[in-house]
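A look at the structure
Take a look at the letters that make up each chain.
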Amino acid sequence: MAEDATEHDGAGPTRREGQGDRPARNDERLARGALVGRYVVLDVVGEGGMGVVYAAYDPELDRKVAVKLLQATTGGVDQAWLTREAQAMARVTHPNVIAVFDVGTLPGDRVFVAMELVEGQTLRAWMKAKQRTWREVLPLLYAAGAGLAAAHAVGLVHRDFKPDNVLVGHDGRARVMDFGLARLRRDDELEPPAQSSDASIELRSPLTRDLTEAGHVPGTPAYLAPEVYDGNAADARSDQFAFGVALYEALFGVRPYTKNGARTPRPPPEGSRVPARVQRVAMRAVAADPAARYASLDALLAELAIDPGAMRRRFALGGAAVVLAAAAAFGVTSALRSHGPRCEGAEHRLAGVWDPPAKHAIAAAYAATKKPFAASSYAGVEHALDDYANGWTAAVTDACRATRIRGEQSEDVLSLREACLDQRLAELAALSRLLGQADADIVSKGDRVAYGLEPIAACANTAALLAPDRLPTEPRDQMDKYFKALAEAGAQLVVGHSFAALNAAKRALDIADAQHDVAMRARPLLVRATALSLSGAEDDAAHDYQESVWAAVRGRQDLVAAEAALSVAGVAAGLGRVPEAKLWMGLSRAEAERVGFDHVLEQHSLEVDGFIAVQSNDLHTAVADHEHALAEAVQAYGADSPALWTSEELYAATLAKAGLYAQALPHFERALALHEQSVGADHPDVAVILTSLGVAYTWTGQLDKARDAYARALALREKEFGKTSPMLLVTLNNQADYLRLSGDPAGALQIIERARQIAAATIGDTHPTSHTIETTYAETLTALHRYADARAAFDALLALEDRTHSAMLAETQASRAELAVDEHDWPTAVDFANKSIAAFEVSNGKDNGMLWRPLVALGRARLGLAQPVDAKAALERAIAIGEQAKVKSEALAPARAALADLARAKP
């Protein structure tokens, strides 16, 4: 910081400039606290040949600004000229141009300009800080070009554009600064007076910081267009030339001309990885003949047309700060007035994608299927896609405002967010087209087709968007086809068309292979794997999921790697390979941490964690994981979103599996209410929830509610799938269970035998659902006192479950123990009860809600063996666990009766 500039007359105290009435000398620096207009000087932050820049405080608007103080001392240039030129600079309002807030005059031909104050460094310093790739520098040059084009739009020519006059702020935004040589293109309006009679006339403006060779031509020689060297006036085309030189230098590390004033640019270096299209733009911009350049900078930028999706990076802005500009409250207000309308109107882009004509076509397609629930299914889809489209519109608007109005993010981040949102729009468009051709299968999916779209919120995850990748931008037509194929594949997956999804994913893979880019393979491999999984080809799916992981890791696409590894973990867990599943989960979480927190990804991760815990018989952990997953879903979708029904149902089902039926009940009811609200009470999905709800009602003693739930579920499924479909099996099994427990074993036998016939004809005896049906069948035979038949059924089932390591083995062992108790075969009852207790305790600890069943059997068997102490301990523990789990009193009645017998028998 410079010391205070003072003057002492030998007779009194020192007087600081701005505090007295005498103008300071031209070479004096202003002291801290001096006034420039209304601005209070804080510090010197920059200095050039024709002015000093101060950090200052604006007391009226309570903000810091930069104040540049200029002196008219050269060749007759007067204060009026300086003022008018500074006012011209203030006409440019653009996020990539340093904003000028105020212009004023001081005594002694002095002019001051108040500007933004932003910490950063020049583009040249940024490029020198470390080696930069073309992917890193191109967005900054593009943004600077947009700022320069904005100046041209109001008639202002910079005349000294170069990397030194572009500020890269710590926010990553590029801003063109120091219009020190600028003048209006209309020469009759602001032409400075001639300063020499020499043929080489000095045209240097009083705002310049850069002295040229001998002072004869304005600007920096290496960036001057040949026509300016020839004595022609600088204009927008010479600015374009300077921009082209800066672009060429940033891309290739050298300048296009070997000497100043040369007429033939050197070709780009051989072996450059810069795309050919970008090279062509740079070469045309630096053409010696102005007519060979672009008609305007806007035309150049349109040709450059950066693909932001391939420009994900972080900016390292180290080194000494160059404090020349900052946006404060006034700047934001000014931007709001100037740029507000530019951020509106995103909803118009939904035309033909999700608008009244599209909705009408989809509603007609749904009605044409003649499904009884078609109207309610469409209503659910319309509501969900309305929410999605509104969310998309809001996200596009917010992304724009964050850069153009609030100044919270750089143009580069805006471009990345817009690219992400463009892809979401393409996915919505693809889905809309498919829904316009809806068949019965699509209609049956209800609003699930809408919730399968990629979430909008992910497009605001800056960490993920800035994560580096290697996706190319060229050739543009092939990349357009690539992203279109991915959008199509995603939409086909959402509606369940796995083979169409496979074909679309293959098209994307073919383009990736033609480009020889492994990073491009990651996403289509992930889509193909999911399609293979839906079609039942689990082994092939597992292979493609893993290939997707490694392609994403090699291509540094962390989000895809996290998603793919998560899918591999789910497949491995489903195949019973729990240790392998845990390893893949670890990789998924490690990759996810690199792209920032995302509620939807975290929700899915917790769901898979819980599934792995279930497969490990660790139901306590599974319950905690799925409770947390539900909480993340609420954060992602909102507390009242119909999309929550699957998360509510999953959490409830896990609670039920742990024997916590009373806790599960309100979540099943919540899932039912949410789904009926969305797709109506007659949709087949409702039957799934009703069936599970019936189980919870049964085990909590609400038998009338259980009966009604099962009756509704069975009627819905028979109406949709027919009377012999395997889709009826779970409902039939649970209905039989209810009848047996409610004292109607004969009715239960009739229902379960129907289920056995359907299972034998459709899914076979090794399917997990068949195991459940056979357990219910044997239990029903026991209730009918057909003990020999029940014993044979149980023994066959136990042998099968032991061989297949079934997760239902503990429950079947408990049922076998109960049969032995009914037969008074006490040793066998003890044996099976102990096996069941051990298995349940391993799966979910000593408080497992399902333990009451084998404990009751064990207590009764110990009583039969005249072991009262052991019997009492087992029975009391059974009652305590059963009451905690809110098991109906009738189920615990045998335990209480046995305890009463023990009490009466006590001497």
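Residues numbered from 1 in each chain as written. Predicted model: local features only at pLDDT ≥ 70, side-chain atom pairs only at ≥ 80, totals over all residues. Heavy atoms only, no water.

Here's the deal with the overall build of the chain
- The number of helices and strands found in the chain is 36 helices and 14 strands.
- When each of the 907 residues of the chain is scored for burial, the buried share is 55%.
- Long-range pairs, those at least 24 residues apart, make up 65% of the contacts in the chain between residues at least 6 apart in sequence.
- Of the accessible surface of the chain, which amounts to about 37700 Å², a share of 52% is contributed by carbon and sulfur atoms. (Helix = DSSP H or I, 4+ residues; strand = E, 2+ residues; numbered from the N terminus. Buried < 20%, exposed > 50% of the residue type's maximum accessible area, 1.4 Å probe, protein only. Contact = heavy atoms within 4.5 Å. Areas by Shrake-Rupley, 256 points an atom, 1.4 Å probe, with all protein chains shown as cover.)

Topic: the state of the cysteines
- Summed over the entire model, instances satisfying the criterion amount to one disulfide.
- The disulfide bridge from Cys420 ends at Cys459, spanning 2.0 Å between sulfur atoms. The sign of the -70 degrees torsion about the S-S bond sets the Cys420-Cys459 disulfide as left-handed. Highlighted residues: Cys420 in helix 12 (residues 411-435) and Cys459 in the loop between helix 14 (448-451) and helix 15 (462-466), separated in sequence by 39 residues. (Disulfide = S-S within 2.5 Å.)

Focus: the side chain of Glu427
- Following the sequence through the fold, Glu427 ends up in helix 12.
- Here Glu427 sits buried without a salt bridge, and the closest side chain of opposite charge, Arg424, lies 4.1 Å off (N-O distance).
- Not counting chain neighbours up to four residues away, the residues in contact with Glu427 comprise Tyr388, Leu453, Glu454, Ala487 and Ala491. (Lys, Arg positive; Asp, Glu negative; His and termini not counted. Salt bridge = Lys/Arg side-chain N within 4 Å of Asp/Glu carboxyl O.)

Let's talk about the pairing of strand 7 (residues 100-106)
- Relative to strand 8 (residues 110-115), strand 7 runs antiparallel, the two being bridged by six bridges. Along strand 8, the bridge assignment pairs Val103 with Val113.
- The hairpin turn running from strand 7 into strand 8, its antiparallel successor, is three residues long, and Gly108 in that turn takes a positive phi close to 85 degrees. (Pairing = 2+ DSSP bridges.)

Considering helix 32 (residues 809-822)
- Given a rise of 1.5 Å per residue, 14 residues ought to cover 20 Å, and the 20 Å separating the end C-alpha atoms of helix 32 matches this to within 8%.
- Across the 14 residues that make up helix 32, a large majority, 11, are buried.
- For helix 32, the complete set of buried residues consists of Leu809, Ala810, Thr812, Gln813, Ala814, Ser815, Arg816, Ala817, Leu819, Ala820 and Val821. (Expected span 1.5 Å × (residues − 1).)

A few points about the nonpolar core
- Ranked by internal contacts, the top residues of the largest apolar core, which has 93 residues, are Phe668, Leu690, Leu732, Ile752, Trp852 and Leu855.
- No other element matches helix 26 (residues 684-699), which puts nine residues into this core.
- In this structure, Val113, Ala144, Phe179 and Tyr223 belong to the second largest nonpolar core, which totals 65 residues. (Core = buried A, V, L, I, M, F, W, Y, C linked by side-chain atoms within 4.5 Å.)

Some details on the pattern of salt bridges
- All chains considered together, the criterion is met by 44 salt bridges.
- Asp510 serves as the salt-bridge partner of Lys506, at 3.0 Å between the closest nitrogen and oxygen. Here the residue Lys506 and the residue Asp510 both occupy positions in helix 17 (residues 498-515), the gap between them amounting to four residues, near one helical turn.
- Put simply, Lys723 and Glu718 hold a salt bridge, and the shortest N to O gap is 3.4 Å.
- In this structure Lys723 comes out as exposed when scored by relative accessible area, which is 56%.
- Each of Arg38, Asp58, Glu60, Arg63 and Asp102 takes part in a single network of salt bridges with overlapping partners.

Observations concerning the confidence of the model for the chain
- Taken over all residues, the pLDDT of the chain has a mean of 78, while the share at 70 or more is 83%.
- Strand 14 (residues 322-326) is the least confidently modelled element of the chain, averaging 25 in pLDDT, while helix 6 (residues 236-252) averages 94, the highest of any element.
- Every residue in residues 1-26 scores below 50 in pLDDT, and together they form 35 contacts with partners more than four places removed in sequence or on other chains.
- A low-confidence stretch, residues 306-341 (pLDDT under 50), is modelled with 113 contacts involving residues beyond four sequence positions or located in other chains. (pLDDT = per-residue confidence, 0-100.)

Quick word on the packing of helix 26 against helix 28 (residues 729-741)
- At their nearest, the axes of helix 26 and helix 28 sit 10 Å apart, and the two run at 15 degrees to each other. As the angle between them shows, helix 26 and helix 28 are arranged roughly parallel. For helix 26 against helix 28, the interelement crossing comes out left-handed. Counting all contacts with helix 26, which are made through Thr691, Val695, Thr698 and Trp699, the residues of helix 28 involved are Val730, Thr731, Asn734, Tyr738 and Leu741.
- Each residue belonging to the contact of helix 26 with helix 28 can be placed in one class, and the counts come to five nonpolar, four polar and no charged. (Axes fitted to C-alpha atoms, helices over the stretch in contact; angles between N-to-C directions. Parallel < 35°, antiparallel > 145°, perpendicular 65-115°, else oblique. Left-handed = near helix turned anticlockwise from the far one by under 90°. Nonpolar A, V, L, I, M, F, W, Y, C, P; charged D, E, K, R; others polar.)

Quick word on unusual backbone geometry
- Here the phi dihedral of His785 falls at roughly 65 degrees; this positive angle occurs in a residue that is not glycine.
- Residue His785 is classed as exposed on the basis of its relative accessible area, which comes to 56%.
- Unlike most non-glycine residues, His824 shows phi in positive territory, near 60 degrees.
- By the secondary structure assignment, His824 is in the loop between helix 32 and helix 33 (826-844).

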